Structure formats: C-alpha cells, structure tokens
Amino acid sequence: MSRPGQGVMMPVNGLGFPPQNVARVVVWEWLNEHSRWRPYTATVCHHIENVLKEDARGSVVLGQVDTQLVPYIIDLQSMHQFRQDTAFLIFLCVELPPATGKPGIHKCEAKNNLNRPGPQRATGVSARASIPPGVPALPVKNLNGTGPVHPALAGMTGILLCAAGLPVCLTRAPKPILHPPPVSKSDVKPVPGVPGVCRKTKKKHLKKSKNPEDVVRRYMQKVKNPPDEDCTICMERLVTASGYEGVLRHKGVRPELVGRLGRCGHMYHLLCLVAMYSNGNKDGSLQCPTCKAIYGEKTGTQPPGKMQFHLIPHSLPGFADTQTIRIVYDIPTGIQGPEHPNPGKKFTARGFPRHCYLPNNEKGRKVLRLLITAWERRLIFTIGTSNTTGESDTVVWNEIHHKTEFGSNLTGHGYPDASYLDNVLAELTAQGVSEAAAKA
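So, here is what we can say about the structure in this document. All values reported here derive from a predicted model rather than from experimental measurement.

**Quick notes on the sheet that holds strand S14 (residues 305-312)**
Think of a sheet as strands paired side by side through backbone hydrogen bonds, with each pair either parallel or antiparallel.
Stage number 1. An order of S8-S14-S15-S18 is seen for the 4 strands of this open sheet, with the pairing classed as antiparallel. The outermost strands of the open sheet, each flanked by one partner alone, are strand S8 (198-201) and strand S18 (354-359). The mean angle between the axes of side-by-side strands here comes to 15 degrees, regardless of whether they run parallel or antiparallel.
Stage number 2. Inspection of the sheet shows strand S15 (residues 324-330) paired to S18 by 6 bridges, in the antiparallel sense. Looking across to S18, one finds that Val328 is bridged to His355.

**Examining the packing of helix H3 (residues 212-219) against helix H4 (residues 270-278)**
Stage number 1. Viewed as axis vectors pointing N to C, H3 and H4 meet at an angle of 120 degrees, and their least axial separation amounts to 9 Å. Here H3 lies oblique to H4, going by the angle between them. In this structure, H3 crosses over H4, and the sense of that crossing is right-handed. Across from Pro212, Glu213, Val215, Val216 and Arg217 in H3, the residues of H4 making contact are Leu270, Leu273, Val274, Tyr277 and Ser278.
Stage number 2. Of the residues in the contact of H3 with H4, the class split is 7 nonpolar, 1 polar and 2 charged.

**Description of unusual backbone geometry**
Stage number 1. Put simply, Phe352 and Pro353 share a cis peptide bond, and its omega is 0 degrees.
Stage number 2. Along the chain, Pro353 falls in the loop between strand S17 (346-347) and S18.
Stage number 3. You will see that Met235, though not glycine, has its phi angle at about 65 degrees, which is positive.
Stage number 4. One can find Met235 in the loop between strand S9 (220-223) and strand S10 (258-261).
Stage number 5. On the basis of relative accessible area, Met235 is assigned to the exposed category, the value being 52%.
Stage number 6. Positive phi values are uncommon outside glycine, yet Arg378 reaches one of about 65 degrees.
Stage number 7. Taking relative accessible area as the criterion, Arg378 reaches 6% and is therefore assigned buried.

**What to know about the sheet that holds S10**
Stage number 1. The 3 strands are arranged S9-S10-S11 in an open sheet whose pairing can be described as antiparallel. Among the strands making up the open sheet, the edge pair consists of S9 and strand S11 (267-269). Strand-to-strand twist of the sheet, defined as the mean angle between neighbouring strand axes without regard to direction, takes the value 40 degrees.
Stage number 2. Summarising the sheet, S9 and S10 pair through 4 bridges and their orientation is antiparallel. When the sheet's bridge partners are listed, Gln221 is paired in S10 with Arg260.
Stage number 3. Here H3 sits on the sheet and contacts S9 and S10; the angle it forms with S9, its principal contact strand, is near 80 degrees.
Stage number 4. On top of the sheet, H4 reaches S9, S10 and S11; it is set at about 85 degrees to S11, its chief contact.

**Focus: the nonpolar core**
Stage number 1. Of all hydrophobic cores here, the largest spans 38 residues; its most connected members are Met307, Ile327, Tyr329, Leu358, Leu368 and Leu371.
Stage number 2. Those elements that place two or more of their residues in this core are S14, S15, S18, helix H5 (362-376), strand S19 (381-384) and helix H6 (420-430).
Stage number 3. Counting 24 residues, the second largest nonpolar core, distinct from the first, contains Val215, Tyr268, Cys272 and Leu273.

**Here we look at H4**
Stage number 1. Judged by how many residues are buried, H4 sits mostly within the fold: 7 of 9 residues are covered.
Stage number 2. If you check which residues of H4 are buried, you get Leu270, Leu271, Cys272, Leu273, Val274, Ala275 and Tyr277.
Stage number 3. Packing partners of the buried residues in H4 comprise H3, S9, S10, S11 and strand S12 (286-287).

**Digging into the pattern of salt bridges**
Stage number 1. Summed over all chains, the structure comprises 13 salt bridges.
Stage number 2. One salt bridge in this structure joins Asp228 and Arg237, with 3.0 Å as the shortest N-O distance.
Stage number 3. Exposure remark for Arg237: the relative accessible area of 33% places this residue in the partly exposed category.
Stage number 4. Notably, a salt bridge pairs Lys366 with Glu435, separated by 3.9 Å at the nearest N-O pair. Of this pair, Lys366 sits in helix H5 while Glu435 sits in helix H7 (residues 435-439); the two residues are 69 residues apart in sequence, bridging distant segments of the chain.
Stage number 5. Using a relative accessible area of 28% as the deciding quantity, one classes Lys366 as partly exposed.
Stage number 6. Judged by its relative accessible area of 31%, Glu435 is partly exposed.
Stage number 7. Through salt bridges with shared partners, a single network forms among Asp228, Asp230 and Arg237.

**Examining the environment of Glu405**
Stage number 1. Among the structural elements, Glu405 can be located in the loop between strand S20 (394-397) and H6.
Stage number 2. Taking the C-alpha atoms as reference, Glu405 lies 8.5 Å from His355; in sequence the two are 50 residues apart.
Stage number 3. Separated by 3.4 Å, the side chain of Glu405 and the backbone nitrogen of Asn409 make a polar contact.
Stage number 4. Side chain to side chain, Glu405 and Thr411 meet in a polar contact 2.3 Å long.

About the cut-offs
- Residues numbered from 1 in each chain as written.
- Predicted model: local features only at pLDDT ≥ 70, side-chain atom pairs only at ≥ 80, totals over all residues.
- Heavy atoms only, no water.
- Pairing = 2+ DSSP bridges.
- Helix = DSSP H or I, 4+ residues; strand = E, 2+ residues; numbered from the N terminus.
- Axes fitted to C-alpha atoms, helices over the stretch in contact; angles between N-to-C directions.
- Parallel < 35°, antiparallel > 145°, perpendicular 65-115°, else oblique.
- Left-handed = near helix turned anticlockwise from the far one by under 90°.
- Contact = heavy atoms within 4.5 Å.
- Nonpolar A, V, L, I, M, F, W, Y, C, P; charged D, E, K, R; others polar.
- Buried < 20%, exposed > 50% of the residue type's maximum accessible area, 1.4 Å probe, protein only.
- Core = buried A, V, L, I, M, F, W, Y, C linked by side-chain atoms within 4.5 Å.
- Salt bridge = Lys/Arg side-chain N within 4 Å of Asp/Glu carboxyl O.
- Polar contact = N/O pair within 3.5 Å; in protein donor to acceptor, adjacent residues only side chain to side chain.

As structure tokens, then:
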C-alpha cells in the first residue's frame, strides 16, 4: 500500500464525525503525491475511530498500529495529519453517508515541501466541493536560501495555528547567539582563583621520547604463573608466547613474559604492551586497553597554540546572577609532526579563534582549571577528520566538549544545560585530568 505523501484533505463537517442520526460507516482517506485518494487500512481506520470516541480533540499516533506510519500523527481538532520528520501537513478526509444517503467528500488541496526551497505551490479548491465555512486556510510559504526550519517546529506550528483559525507563515529558525554583547577591555577581569590569563604550547613542548620497555615495566608486575586466558591485545593465550613474537623484538623482553598492571590488575604479554606503547604517542604514560585506566600523565597531539581565559560582565542562560568565564582558543595552521597522522603534511585550523563559555561559579572555575591542565597536556584538540565538513588533516575537538553558544542552546552547544559541567568533568577524568589525579 502506498504511504501518505504530501497534500491536503478535509472532512465533511470540519470536525470529523457525522450527524448523530446517521449510521457510522467511516472510511478515512489521504491524498497522495499523484492527487489520488487512498484509504487507510481497516486497522488504521478502526484505531482512528477509537481515539476519536475517547477524545475528539486529541491526537492519533498512527505508528501504534502500523509500523510503516511511525512518522505520522493526526491532530483531530484541526483535522491535520503531521509528518514529524519532514513537516508535511495533510488535511484528513472522512467519507460518511450524509443526510441524502449518498457519499460526499469535501476537500481542498495544497502542496508544500518545507525541505525544498522555492516558490509556494498550491492548487485551488477541488471541483468536487468547496471549503466549508469556518475551516482555516493554510498559506504555508516555503523557505528560500539556506537554514530551514526544524521539521518538528514547523509541523507543530502549522498544526497549532491552523487549529486556532490563523494563517501560517513558516520562516527561518532563529539563529544561535554565539557571542555576548561587546565588552570593553576595562570590563575584562581575571578569573578569581585561577592564576594568569593565558597559556601557550610551543614546539619545544612537543618532543618526548621514552624507552618503551622502561615505561611498561614501570607500571607492571611480572606474573610467574599466568592464567589460561586470552591476552586482549594479541588474542593469544597468556600461557603461550605473544602474538608479536617475530614481529617485534626488544632486548630483555621475552615473548612469553606476562605482567599485571598495578591498579586495575589486568594482565597482558609484556611484548604486547611494548608494541601498543610504541604505536602510540610515546609520552611516558600507559592506558589499559581493557578498562582505560591511565598510568602516568597522558598527553595528546594538539598542535602549538594559545589559550586565553577571563571574566566578562554578562550572564549565561540559567546563570542569571553569575558572570561568565570566556575561553579563547587560537591555533594557527602548520605542518604535522611525527606524532600526527601525516608527518610533514600541512594541516588546517578552521574556525579559530574559538570562543567557549563557563559560568563563574565554583564548579565552573574547577572545570576551567582542569581545562587548563588538559590544554597544557595537549588534550583539547587533535589533528584528524572533521565530523562537520569531512575535511581531513585539520584541527578538531578531542572528546572534551565545550559550550560555544553564549546566549542560546539551539545547536546543543549552549546553555541552559544542567548536566554539562558534570559531563565535562567526567570527560576530563576519562583523559586522566582530575583533581584527584593531580594530587596523586
């Protein structure tokens, strides 16, 4: 059976139910993209009728009885069908036996595709009948240019306003408020309890080299009688030689040696851990491949740049009586180093300087202090492929989320967000950056 497409339909009396003295023989139909009327299945018709009996001004979720109609909802008050994912609006048609005993259908037709910019398209009233008095018109204008209205917002707006008898004109979605009002230099203040206003990473900070065998032995204890289990790095049994035997050779590391990590207790071949470390950033830290516990001080591959932070006299949504901490990251384009995906190749740095925001409260300042530590360890950014543009060899965020919208939360990167500070603290901890780790 064809599925509901774009188009509009209307009931006989504008409400969707027949005169009380007429037997209810009801067929619910929809108008497809070829301007042909198609009936719903008997199951769907029965479901609509049941909901109508309970609440004549309620909503019908068609997906409850037909999985192929999951996106569609019927608003009985306005007699519209709304498709949630594309925001198509469809008038419903009910075929009933009128007082004359002959079936009759009144309908009007209009087509609108909110996802395709262009001029409005609408057909006139059908030759079969005219619009009954009191039924609101729906002059929906298509969007032009870029930045379409979110489909759910567009559809719900159409339903609610049309139900109230008002014409509908859908426009662009509001733009996110990325930056605060202008701030003079005299109004910019240091963040209380956080020394300085700037941190830099330079090329001299980037070169680190540790002997792999020494790093591994520092965090492991030798196991004389290993259990008959798999080594989750090479997938060979711990009681046999490492899968890297013959591939990697290190003086003093025999392929059958097994060690246990000190804190988490997970066991691996020493040669496997040496291979894993040699394939990573080689910064003197080790991360358990099973539980992700970090041994030592983890550092990343963030390119050289500058991080600034200060107070501005404006408040974030949800923090009305609190000033705002503004963080400004700036990384220039450059050449990839040996720790990057393509050493010697140029990398791009789009969208810099990047502005981020925190509330100036106790937890916000705690997050700032840890972000400074993460910056100094080169963990905020990395070089990779952008999820937004698909560009490779460019500077991207490195799994520590930041809020880049100042006065809104339209993209999910702003405020209010009650759980953000706790979430970013958890992300920092996963990178080995926490107050507890700093004290250890």
